[in-house]
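Descriptive analysis of the structure
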Amino acid sequence: MAERFDRTKARLDEVGNAITEKQAKKEQIERFLAELERQDGVATEFDENLWYSLIDFVIVFNKEDVRFTFKDGTEIRT
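These remarks concern the structure in this document.

Parameters at a glance
- Residues numbered from 1 in each chain as written.
- Predicted model: local features only at pLDDT ≥ 70, side-chain atom pairs only at ≥ 80, totals over all residues.
- Heavy atoms only, no water.
- Helix = DSSP H or I, 4+ residues; strand = E, 2+ residues; numbered from the N terminus.
- Buried < 20%, exposed > 50% of the residue type's maximum accessible area, 1.4 Å probe, protein only.
- Salt bridge = Lys/Arg side-chain N within 4 Å of Asp/Glu carboxyl O.
- Pairing = 2+ DSSP bridges.

1. Some thoughts on the side chain of serine 53
Examined against the element boundaries, serine 53 turns out to sit in helix H2 (residues 48-54). The exposure class of serine 53 is buried, given its relative accessible area of 13%.

Have a look at this one:
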């Protein structure tokens, strides 16, 4: 019985963590959408707030290989 309880408790913790991650992702998407709604048409110049709302991280391997990873997981290589 104790073993079953431990397995169930571990599964409950996994599900709780997954829910927390999904809620954080939802909030991130809502902030991103709010930033997009504030935009007036197409961006014609660099906007630092837009940049930070879109890009998760950038990895520079060398001058020919730069990778931009967006907050939705999309990656673009230059």
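2. Side note on the pattern of salt bridges
Throughout the structure, instances matching the rule amount to 6 salt bridges. The closest approach of N and O atoms between glutamate 14 and arginine 11, which form a salt bridge, is 3.4 Å. Highlighted residues: glutamate 14 and arginine 11, both in helix H1 (residues 2-38), separated by 3 residues, approximately one helical turn. Of the charged contacts in the structure, one is a salt bridge between glutamate 75 and arginine 77, with a shortest N-O distance of 3.0 Å. On the basis of relative accessible area, glutamate 75 is assigned to the partly exposed category, the value being 39%.

3. Things to note about the pairing of strand E2 (residues 65-70)
As paired strands, strand E1 (residues 55-62) and E2 are joined by 6 bridges and run antiparallel to one another. Bridge pairing in E2 places isoleucine 59 opposite arginine 67. From the end of E1 to the start of E2, which pair antiparallel, there are 2 residues. Sheet topology places E2 next to strand E3 (residues 75-77); 3 bridges connect them, and they run antiparallel. The residue bridging threonine 69 from the neighbouring strand is glutamate 75, located in E3. Counting the residues in the hairpin turn of E2 and E3 gives 4 residues, including glycine 73, whose phi is positive at 95°.

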